[in-house]
Amino acid sequence: MQKDGIGKQPAIRRIKGKLAGLPAISYALGMLVLFIAIFAVGSATFLTRYNMLTIGNSAAILLAVAMGQVFAILTGGIDLSVGGIMSLVSVVLMKTLEPLGFWAYPLSLAVGIAAGFLNGLVNSRLRIPSFITTLGSNGIFMSIAYMISIKPLSAPSSSFGVLDIVNGTTLGIRNIMLLGVLVFVLFFVIQRYTITGRNIMLLGSNEKMSWLSGVDIFKVRTIAFTLSGLGAALAGVMLASNLYSGYPTLGTVYILNSIASVVIGGTAMTGGAGGVLNTLVGVMVMSVINNGMNIIGIDVYAQQSFLGVLVIIAVAISFDRSKLSVIK
Amino acid sequence: MKTKNSRRLENLFALRSKVSASIVGKLYHSIPISGQIISLGIVALIFSVGTNGQFLHISNIMTVLGLSAIPMILCLAVHQVIILGAMDLSLEGIVAITAVSAGLLLKNSVTANDVGLWIIPIVMLIGGLAGLVNGLLNTKLRMPSFISTLGMSWTLFGVAIMISKGSSIPLRDLRFQKVIISEFLGIPTVFILAILLGLVLYIMQNKTKLGKHMYAIGGNEILAKQAGVKVDRIKISIFGLTGMIYGLAGLLLVARLNSSAARYGNNLLFPAMTAVAVGGVSLSGGVGGALNAVIGTIIVVALNNGLVLMQINPYMQSAVNGIVLISAVALTIDRNKIGIIK
Amino acid sequence: MEKKKIIEFKGIRKVFPGVVALKGFDLAIYEKEILGLVGENGAGKSTLMKIMTGNYQPDGGQFLLRGKPIVLGGSMEAIEHGIGMVFQEGSILPNLTVTENLFLCHEKEFSKGWFISESAMVAEARRALEENGLDINPTTLCGNLSPAQRQMVEITRLLWLSRLYRHENPVLILDEPTTVLLEKEIKTLFEILNRIKEYATVVLISHRLEEIIENSDRIVVLKDGDYVTEMLREKADIFKIEQLMVGRDMVEGYYRRNEQIDPTDSVVLEVKDLAIESILEPISFTLHKGEILALVGLIGSGKEELVKCLGGSMQATHGSIYRNGKKISIKQPKHAIAHAIGYIPIDRRVEGLATDLDIADNINMLVYKNLKVRGFIDKKKERDNATHWMGVVKVKATSHRMKCGNLSGGNQQKVVLGKWLSADAEILIVDHPTRGIDVGAKDEIYHHIRQLAKQGKSMIIMCDTLEEDIGLCNRMLILKDGKKVNEVSCPPDAKPAPTDIIESIV
């Protein structure tokens, strides 16, 4: 009887329903517009084509790591090891560029994926809270990076050609931005169009129910952290190629920035709400803030303080308190 | 029909109850930190063999005690919040801001300030205020402590760098350093200070209402509230107290190095958390206390010192700490209480 | 009766959205007595208790304590007025010692200046425990105590507190105190309660009628939020009470009885000697295609655990399960699902739905593999599947993208039903199908259950009331203390009377 009736509603009501369904992302979009307006007024150079490209460049790297992070957060966990993974991957890439050439890329990505897989395994099988698991493993990954090389490694000039995969341009657009778009599409498809992606949402929304409905919660949790490792690995190779170097503290700042992007985008720390699209907007907000503040001349550390406050505000707004009886 | 796992567990429990019944077992259970003492013994044994006894030489023992003082104070601070069942990741930010404040307010080569001994209440006030904010975010805004304190850490660290303009500030007041590096009966004074703090907290935890209620909250917040525990007030006080102790640690760091910089806060959280877990303070809350924090820190510092003596790559240390942290939590966490592990 | 009234309710009334929990009746509780309070689930016992402990405020009528009207703001305030409750799940903190638990929040009685005197506390704890005849070491951690001992510690705490607040005749409320206890411990509990009666009032709530009759001075029967009757122990008759509890006769035509069909002969599920150590003794039964089987029994009868074994969220220790004649093993919910066994839980919000997600997500979650086009989930197929099943179970919603958290209880239940139907479940375990659903929606759920039976689905149900069980099922299995005690056939034209059934339950 209602089989067809439900899809057919007045357009206005449908739009209204959609807006009500996406409050978190609309906050983030509002924030984006606000900051763009502020910086556009505050600086003449902000809206130039060149500056937009600069923003896109840095956004691409942040996007990759945040795309991974959001999967960890969607399960209700967190990944504090993305920095360690990025650093480790950058060092591995620089170390293997000369002997392996192009094949250094898949190798580095594999290292990052393996690191994320380990996080997932420890978190789900040993049943250790993810923030402890990844706090510990971050140290381990950094140590391994240090053991490979204490000093920053630079790309050998013979390999510059290989690095053009990231640094070159295709049809007048910089590859790194194309990569950013590709990464977004990849993670978007995983979240929206695969069973694993759906199961991650279910798990984050209601773990007990997911288990009772036959979802393999161990596997799904492990996959979520593996995806986080993949995101960090992609960001690591992009950043290292972009800088022509890799070193054991390269990724540290991205721990904060990736979490901030996810949270500002409106993905709930309790899991199950938000996602890749929200995080895209969160990353844009972050990149605009970083760039705009640089242009206006606010120093890097003031920016960090500002982000810290922004994260607290974003969580205070988006955190679903009804889901937990006790806030710890 | 029993699965292999459950049978294995049963055997383990049977073994455990057998051990408990013996005299050794009774002794083991009468001391609250006996497991940790055994771990320390094992660490000592391995390294003294590995270093031909150098590890257990009295001068090295004193080095270990001296090195463990500041981490111990930090661990004593953070373990209080963990007893509540909450989490405090703001350690590095609060230490950074108190260290920088101490540097700028004591006699230094950048500003004209010289507050002298008043610096002690001042750093405790700054740290305490930051801790209070942590507590308010957790109780009044009902935010999960681990994310709100993470945000606080970034915020305060940024502020610390801003007010220090990113550079280190040399001190001109040598009194503090003198106290810190001095010895009393051959024991580093700074270690004695840490132990005294541990003693104060031990008494607080066991002999006062605040202490009893803090454990009640860690055990089960809802039941504690039902019984009439003023949960919010106690949580805020403990976060505040923790902040005050961070402040003291910040000052001691500055005093020991005779200069101050925001980066002094870096890389302190990780060892402190490891010490908490190794000491046997359960991350699920309500179990463990000052004694556990003290012994936990000594184990972690001894472990790192041993690695240095054995000339193992110094960058291995954070890997070792990471493994130790994960395994210690794996062994101590009460999974039934946490329910779903996120 | 010469005894003084300690608590008196006059026209006490409490209304929740959609339900009248207490219909406005009078009830008096006297000093120095043990009062047994009996009634089915939903009779209003726990609402009344929560008013007495200040957790609920009455919507009408008066609550008099020691002859004076009183408003209590919470359990702590109730304790200060001499009313304490021992909860079924217990409120003892396992990480504190017996002494610390006894005096939690009253440490200042033992303080010298800033510090608490541990020795004074332990001494007082020892004294208080001995006073109630308990042999418990006050310095043990409560986590190491048996459930019975924890309960005793709780009782001791409440009595000690009422003395602290100088109340002559404290009121002690015990909610199902014996469910966690062994035979011997039950005996000790009642010995202690009888001793306490010398100076206090005890209110007992229990499903176990024999126990109540044996140990209470007076028994009050509640039914559907109303006071039915009361009787003294000497005149109490278990059969009479049972009848009063179950009450009204069956309404003809209700539960869609006219739509009931006879099941076919083919056996879809057979359980042979299934047992769970110390919970369920070996039980065997069969389930036919198109049959509705009701499991009936009190809390602790083992029926909850039995269905958990079938649904895979618990593992049986012995016995076997056959599906269409083939032996199967169910170790996890996913194994049950693989054999087309679906579980509709009692608590939808916790176990049945992802309330953050929308209707389509919830209905489709088990069948995503059928909704793929070229390896990826197809939006159109997803919508079609969701709207189809929404239509079948008649979910009232503006769109398949509506968040499940915003639906009414009845609609949420229909979404859960739709989810299992879309996954082609052939056997449905329905745990309290109409819990928290208003009357109109209840009838719809009954209709759905009948329709499903007609389509050849088999169901195992556990309902809120015995009447509902009888009304819906083809056959019922009665469990008591982990044993199958009876099996009753319930054809539409010859339904047994609830009063006949209840004898074997209690």
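Since we're looking at a predicted model, the values are computed, not measured.

**Considerations on the pattern of salt bridges**
So, point 1. Tallied over the full model, the rule gives 32 salt bridges over all chains.
So, point 2. Arg198 of chain A is the partner of Glu382 of chain C in a salt bridge, and the nearest nitrogen-oxygen pair spans 2.5 Å. Residue Glu382 of chain C is found in helix 13 (residues 379-393), and its partner Arg198 of chain A is found in helix 9 (residues 195-205); the two belong to separate chains. Arg198 of chain A shares its class with Glu382 of chain C; the two are buried.
So, point 3. Salt bridges sharing common partners tie together Arg198 of chain A together with Asp358, Asp361, Glu382 and Arg401 of chain C.

**So, the pairing of strand 23 (residues 475-480) of chain C**
Residues and elements named next belong to chain C.
So, point 1. Most of strand 23 sits out of view: five of its six residues are buried.
So, point 2. Summarising the sheet, strand 15 (residues 292-296) and strand 23 pair through four bridges and their orientation is parallel. The residue of strand 23 that forms the bridge with Leu295 is Leu477.
So, point 3. Relative to strand 24 (residues 483-489), strand 23 runs antiparallel, the two sharing six bridges. By the bridge assignment, Arg475 is partnered in strand 24 with Ser489.
So, point 4. From the end of strand 23 to the start of strand 24, which pair antiparallel, there are two residues, and Asp481 there has a positive phi angle of about 45 degrees.

**Focus: the interface of chain A and chain B**
So, point 1. Contacts between chain A and chain B engage 48 residues on the former and 49 residues on the latter.
So, point 2. Here chain A and chain B share an interface that buries about 4,200 Å² over both sides, 73% of which is from carbon and sulfur atoms.
So, point 3. Remark: the boundary between chain A and chain B carries four residue pairs in polar contact (both at pLDDT 80 or more).
So, point 4. Elements represented by at least two residues in the side of chain A that touches chain B include exactly helix 5 (104-125), helix 6 (130-148), helix 12 (252-264) and helix 14 (300-318) of chain A.
So, point 5. Of all the elements, helix 6 of chain A adds the most residues to the side of chain A that touches chain B, at twelve residues.
So, point 6. Tallied by class, the residues present in the side of chain A that touches chain B amount to 27 nonpolar, 15 polar and six charged.

**Details of the sheet that holds strand 12 (residues 226-232) of chain C**
All names here are of chain C.
So, point 1. Within the open sheet, the six strands sit side by side as 6-9-10-3-11-12. Their pairing is mixed. Of all strands in the sheet, those with a lone pairing partner are strand 6 (83-86) and strand 12, marking the two edges. On average, adjacent strands in this sheet sit at an angle of 20 degrees to one another, irrespective of strand direction.
So, point 2. Sheet topology places strand 11 (residues 218-223) next to strand 12; six bridges connect them, and they run antiparallel. Bridge pairing in strand 12 places Ile219 opposite Met231.
So, point 3. Its contacts with the sheet place helix 5 (residues 147-164) against strand 6 and strand 9 (171-175), and it is angled at close to 175 degrees to strand 6.

**So, the confidence of the model for chain B**
Fine structural detail should not be taken from predicted coordinates in areas where pLDDT scores are low.
So, point 1. Residues at a pLDDT of 70 or more form 88% of chain B, whose mean pLDDT is 84.
So, point 2. Here helix 1 (residues 4-21) of chain B stands out as the least confident element of chain B, with mean pLDDT 53; helix 12 (residues 231-257) of chain B is the most confident, with 94.

**Re a negative patch on the surface**
Residues and elements named next belong to chain C.
So, point 1. The grouping of Glu183, Glu210, Glu214, Glu281 and Asp481 at the surface amounts to a negative patch.
So, point 2. Structurally, Glu183 can be placed in helix 6 (residues 183-196).
So, point 3. The exposure class assigned to Glu183 is exposed, which follows from its relative accessible area of 71%.

**Digging into the sheet that holds strand 14 (residues 280-288) of chain C**
Residues and elements named next belong to chain C.
So, point 1. In space, the four strands of this open sheet follow the order 14-13-16-17, with antiparallel pairing throughout. Since the sheet does not close on itself, it has two edges, and those belong to strand 14 and strand 17 (326-328), each with one partner. Neighbour to neighbour, the strand axes of the sheet diverge by 20 degrees on average, direction disregarded.
So, point 2. Where strand 13 (residues 267-276) meets strand 14, six bridges bridge the pair, whose relative direction is antiparallel. Counted as the bridge partner of Val267 is His288 from strand 14.

**Some points on the interface of chain A and chain C**
So, point 1. Contacts between the two partners involve 27 residues from chain A, matched on the other side by 39 residues from chain C.
So, point 2. With both sides pooled, the region where chain A packs onto chain C buries about 2,800 Å², and carbon together with sulfur makes up 61% of that total.
So, point 3. Remark: the boundary between chain A and chain C carries four salt bridges.
So, point 4. Across the contact surface, chain A and chain C share seven residue pairs in polar contact (both at pLDDT 80 or more).
So, point 5. Those elements that provide at least two residues to the side of chain A that touches chain C are helix 8 (175-193), helix 9 and helix 10 (207-212) of chain A.
So, point 6. Broken down by element, the residue count for the side of chain A that touches chain C peaks at five residues, all from helix 9 of chain A.

About the thresholds
- Residues numbered from 1 in each chain as written.
- Chains lettered and ligands numbered in written order.
- Predicted model: local features only at pLDDT ≥ 70, side-chain atom pairs only at ≥ 80, totals over all residues.
- Heavy atoms only, no water.
- Salt bridge = Lys/Arg side-chain N within 4 Å of Asp/Glu carboxyl O.
- Helix = DSSP H or I, 4+ residues; strand = E, 2+ residues; numbered from the N terminus.
- Buried < 20%, exposed > 50% of the residue type's maximum accessible area, 1.4 Å probe, protein only.
- Pairing = 2+ DSSP bridges.
- Contact = heavy atoms within 4.5 Å.
- Buried area = accessible area lost by both parts, 1.4 Å probe.
- Polar contact = N/O pair within 3.5 Å; in protein donor to acceptor, adjacent residues only side chain to side chain.
- Nonpolar A, V, L, I, M, F, W, Y, C, P; charged D, E, K, R; others polar.
- Axes fitted to C-alpha atoms, helices over the stretch in contact; angles between N-to-C directions.
- pLDDT = per-residue confidence, 0-100.
- Patch = residues over 30% accessible without salt bridge, like charges linked within 9 Å, V, L, I, M, F, W, Y side chains within 5 Å.
- Areas by Shrake-Rupley, 256 points an atom, 1.4 Å probe, with all protein chains shown as cover.
- Lys, Arg positive; Asp, Glu negative; His and termini not counted.
- Charge placed at Lys NZ, Arg CZ, Asp CG, Glu CD.

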